[in-house]
Amino acid sequence: MVDSAEEPEYIIDVRGLVKKFGEKNALNGIDLKVRKGELFAFLGPNGAGKTTAVRAMSTLTGFDEGTIIIGGHDVVKEPKEAKYCIGVIQQHISLDKDLTVWENMMAHAMYQQLPKEERKKRIDELSEYIGLGEYYKSKVSSLSGGWQKRVAIVCALVHRPQLLFLDEPTVGLDIQARRGLWDLLRRLNDDGMTIFLTTHYIEEAESLCHHVCFIEKGKIIAEGTPEELASKVGKVTVEYFGPDRKTQYRYFGDKAEANAFVAGLGEEYNVTIRGTNLEDAFVEMTGNKIGDNGFMTVDGKKSSGSSMGGKH
């Protein structure tokens with residue numbers, strides 16, 4: 001956890017980042033700072049630019065304009081030093097599925113040029129931490145998606161990076177595996193690891209992260225803690241469904257205002273009063289319904305579209 005009383009130390013400092021594919025800008029001048037020790041997320045629909053941004057920050061792709069500083073190192077001027085600060089787990093796991101868990105982890109330790117005498121010690125240390133020891137002799141192809149992710153995490157951390165990037169880490173996992181991975185990420189973060197993840201799962205960002213950026217069409221739309229982003233819309237939400245067969249939403253500063261609004265609705269309305277959440281904030285700030293462009297909820301289903309009432 002970050003001590004807000006201390007001067008923040010930024011492990012990621014991105015300024016004016018632009019990435020083009022032909023005539024199209026995939027990233028449109030992104031400015032971003034992430035403090036050391038945070039669990040930070042890019043939250044947005046498919047095609048928003050999340051993966052492109054992570055690939056640029058993790059030195060896996062070039063960019064057209066701007067600067068990226070990772071751990072105090074410019075990724076263009078000091079790529080080797082910047083890369084050593086980073087561990088990366090891409091959306092599509094880059095493990096050799098014909099090799100065993102142990103062989104994959106050892107290959108990554110050798111790739112990271114870990115001294116021979118340190119490789120086994122480091123792999124054993126991480127495997128015990130994550131609970132992989134009993135799977136050493138198993139082929140990666142025999143493991144579930146959740147356990148393959150855990151192998152990928154060991155591989156990404158073997159060289160002791162300061163920062164772990166995860167691109168949509170729980171896509172394709174069932175709910176139990178997803179929540180198990182959440183617990184592991186919290187534990188890593190509690191032990192000092194800075195974690196930057198991308199997701200299009202509302203609950204993932206809301207449950208895990210200290211800070212969240214809404215990203216859409218290559219631009220950062222809003223940034224803050226989940227609570228700060230929700231409060232920009234309103235503290236209390238009235239969700240109501242009436243004769244027009246559409247669910248509508250109104251946002252208020254407190255329950256008294258919400259109750260006054262509800263009192264003016266007819267008895268034919270089905271009404272729910274609840275706290276405003278990150279999903280409400282995303283919908284209001286971007287104009288996208290949850291479910292548009294592949295934006296998902298944690299159960300892996302697209303939510304039903306909703307018509308939005310005006311803000312109070």
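In the block above lies the structure referred to throughout.
Thresholds applied
Residues numbered from 1 in each chain as written. Predicted model: local features only at pLDDT ≥ 70, side-chain atom pairs only at ≥ 80, totals over all residues. Heavy atoms only, no water. Phe/Tyr/Trp six-rings, centres within 6.5 Å; stacked < 30°, edge-to-face > 60°. Helix = DSSP H or I, 4+ residues; strand = E, 2+ residues; numbered from the N terminus. Buried < 20%, exposed > 50% of the residue type's maximum accessible area, 1.4 Å probe, protein only. 1 Å grid on protein atoms, 1.4 Å probe; cavity = no way out; pocket = protein on both sides within 12 Å on 5 of 7 lines; lining within 4 Å. Points joined across faces, edges and corners; volume = space filled by probe spheres on them. Nonpolar A, V, L, I, M, F, W, Y, C, P; charged D, E, K, R; others polar. Polar contact = N/O pair within 3.5 Å; in protein donor to acceptor, adjacent residues only side chain to side chain. Contact = heavy atoms within 4.5 Å. Pairing = 2+ DSSP bridges. Core = buried A, V, L, I, M, F, W, Y, C linked by side-chain atoms within 4.5 Å. Axes fitted to C-alpha atoms, helices over the stretch in contact; angles between N-to-C directions.

All right, on to the packing of aromatic side chains then. Here the structure, examined in full by the defined rule, presents 9 aromatic pairs. For the pair Tyr 135 and Trp 147, a centre-to-centre distance of 4.7 Å together with 40° between the ring planes defines the contact as tilted. One end of the pair, Tyr 135, is in the loop between α4 (116-130) and α5 (145-157); the other, Trp 147, is in helix α5, with 12 residues separating them in the sequence. Trp 147 gets classed as partly exposed once you look at its relative accessible area, which sits at 25%. Through a chain of ring-to-ring contacts, the aromatic side chains of Phe 40, Phe 42, Phe 165 and Phe 196 assemble into a single cluster.

Turning to unusual backbone geometry, a few remarks are in order. In this structure, Gln 113 takes a positive phi of about 60° despite not being glycine. Following the sequence through the fold, Gln 113 ends up in the loop between α3 (101-111) and α4. Among the residues examined, Gln 113 registers a relative accessible area of 66% and is labelled exposed. In this structure, Arg 245 takes a positive phi of about 65° despite not being glycine. Inspection of the secondary structure puts Arg 245 in the loop between β11 (236-241) and β12 (247-252). For Arg 245, a relative accessible area of 62% translates into the label exposed.

With that settled, the discussion passes to the layout of surface pockets. Roughly 730 Å³ of internal volume is contained in the largest pocket. Every residue lining the largest pocket is counted, 22 residues in all, and those nearest its centre are Lys 83, Ile 86, Tyr 111, Gln 112 and His 159. When residues of the lining of the largest pocket are traced back to their parent elements, those giving at least two are α2 (79-84), β6 (86-89), α3 and α5. Per-element tally for the lining of the largest pocket: the top contributor is β6, with 4 residues. Its residues assigned to classes, the lining of the largest pocket shows 11 nonpolar, 9 polar and 2 charged.

What follows deals with the side chain of Thr 237. On the secondary structure map, Thr 237 appears in strand β11. By relative accessible area, which is 0% here, Thr 237 ends up buried. Only 2.7 Å separates the side chain of Thr 237 from the side chain of Thr 276, close enough to count as a polar contact. Apart from residues no more than four positions distant in its own chain, Thr 237 is found in contact with Tyr 249, Arg 250, Tyr 251, Thr 272, Ile 273, Arg 274, Gly 275, Thr 276 and Asp 280.

A separate point is the pairing of β11. Remember that side chains alternate between the two faces of the sheet whenever the strand is regular. Note that β11 and β12 share 6 bridges and pair antiparallel. Among the inter-strand pairings, Phe 241 is bridged to a residue of β12, identified as Thr 247. Turn length for the β11-β12 hairpin, with the two strands adjacent in sequence and antiparallel, is 5 residues, and the turn residue Arg 245 shows positive phi of about 65°. When β11 meets strand β13 (residues 270-275), the two strands line up antiparallel, connected through 6 bridges. Paired with Tyr 240 across the two strands is Val 271, which belongs to β13.

On to the nonpolar core. In terms of nonpolar packing, the biggest core is built from 51 residues, with Met 105, Ile 153, Leu 164, Leu 188 and Phe 214 touching the most fellow members. Per element, the largest residue contribution to this core is 7 residues, and it comes from α5. Among residues more than four places away in sequence, those in contact with Leu 188 are Tyr 129, Ile 153, Leu 157, Leu 164, Met 193 and Ile 195. With 26 residues, the next largest nonpolar core counts Ile 11, Val 14, Leu 17 and Leu 163 among its residues.

Our focus in this paragraph is the sheet that holds strand β9 (residues 211-216). The mixed open sheet is built from 6 strands, whose spatial order is β6-β7-β8-β3-β9-β10. The open sheet terminates on both sides in strands that have one partner only, identified here as β6 and β10 (219-224). Averaged over all neighbouring strand pairs, the angle between strand axes comes to 15°, with direction disregarded. Bridging between strand β3 (residues 39-43) and β9 involves 4 bridges; their strand directions are parallel. Its bridge partner being in β9, Phe 40 is matched across the sheet by His 211. Contacting β6 and β7 (163-167), α5 crosses the sheet at an angle of about 160° to β6. Helix α6 (residues 175-190) rests against β3, β7 and β8 (194-199) of the sheet, and its axis sits at about 150° to β8.

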